[in-house]
Amino acid sequence: MKKTKIIASIVLLLSILVGGFLYLKKQSEYKSDLSNMSGYVLGKGVAPDLTPEEIQKLLQKKVDESKIAFSIYSEPTFEGKIGTIMFANPRYSAHNISLEVRVDNKVIMRTEKIAPDQYIEKIELIGKALKEGKHNGVASIKAYDRKNDKLVGEVAVDMIITSK
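Parameters at a glance
Residues numbered from 1 in each chain as written. Predicted model: local features only at pLDDT ≥ 70, side-chain atom pairs only at ≥ 80, totals over all residues. Heavy atoms only, no water. Pairing = 2+ DSSP bridges. Helix = DSSP H or I, 4+ residues; strand = E, 2+ residues; numbered from the N terminus. Axes fitted to C-alpha atoms, helices over the stretch in contact; angles between N-to-C directions. pLDDT = per-residue confidence, 0-100. Contact = heavy atoms within 4.5 Å. Buried < 20%, exposed > 50% of the residue type's maximum accessible area, 1.4 Å probe, protein only. Salt bridge = Lys/Arg side-chain N within 4 Å of Asp/Glu carboxyl O.

K.L.:
Summarise the sheet that holds strand β3 (residues 95-103); cite the residues concerned and give the values.
P.N.:
Reading across from one edge, β4-β3-β6-β7-β1-β2-β5 is the order of the 7 strands in this open sheet, with mixed pairing throughout. Two strands in the sheet have a free side with no partner beyond their single neighbour: β4 (106-110) and β5 (118-124). Looking at each pair of strands side by side, their axes are set apart by 35° on average, direction ignored.

K.L.:
Go over the pairing of β4, please, and point to the residues and values.
P.N.:
As defined by bridge partners, β3 adjoins β4 across 4 bridges and the pair is classed as antiparallel. What sits directly across from E100, in β4, is R110.

K.L.:
Break down the confidence of the model for the protein chain for me, citing the residues and quoting the values.
P.N.:
With 61% of its residues at a pLDDT of 70 or more, the protein chain shows a mean pLDDT of 75. Taken element by element, the protein chain is modelled with least confidence in helix α1 (residues 2-29), mean pLDDT 57, and with most confidence in β4, mean pLDDT 95. Scored below 50 in pLDDT, residues 26-47 makes 12 contacts in the model with residues more than four places away or belonging to other chains.

K.L.:
Could you give an account of unusual backbone geometry, naming the residues involved and the relevant values?
P.N.:
Peptide bonds are, in most cases, trans, and in most cases residues other than glycine have a negative phi. For M86, which is not glycine, the phi dihedral falls at a positive 50°. For M86, the position within the fold is in strand β2 (residues 82-89). Its identity as a non-glycine residue notwithstanding, D117 has a phi of 70°, on the positive side. Assignment of secondary structure puts D117 in the loop between β4 and β5. With a relative accessible area of 52%, D117 lands in the exposed category.

K.L.:
Any chance you could break down the pattern of salt bridges for me, citing the residues and the numbers?
P.N.:
Scanning the entire structure with this criterion turns up 4 salt bridges. A salt bridge links K81 to E124; its shortest N-O distance comes to 3.5 Å. Residue K81 is located in the loop between β1 (77-79) and β2, and its partner E124 is located in strand β5; the two are separated by 43 residues in the primary sequence. Taking relative accessible area as the criterion, K81 reaches 30% and is therefore assigned partly exposed. What makes E124 partly exposed here is its relative accessible area of 47%. Where E100 meets R102, a salt bridge forms, and the shortest distance between an N and an O atom there is 3.4 Å. Each member of the salt-bridge network shares a partner with another, and the members are E100, R102 and R110.

Written out as structure tokens, the structure reads:
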């Protein structure tokens, strides 16, 4: 009885070792150098018969989603309290964005969040008009996740604001 248990244990141990070895050998056959791989982006309805150009567009879109995209006129001119800012959220943007501009550490402009493919052309200053002349300002552009509205990034842009 004792010999049978020992023999059974040895056979079981050998079976596990041989099975493990064969499993690892099989797995190593499928390893590949990633630099020579190619394929398709699958999921969310993407068909596997895409052209290389279509695949590149999809891959580029994924890269673009990690960036904050915007356009702003960095030298706006104001007549009184109204000025042209041309603050835009490009249609390819992945985020909602907002703008806040400070002069001498005082907020003089602020926008609501705008979605991709929207822009603000004219804006009114908060409070009084600026004194006539040129003013150094800093625009703070904030990007928000479109799904959960959480802040995902912020970019500062130097501005020269002219008041007439």
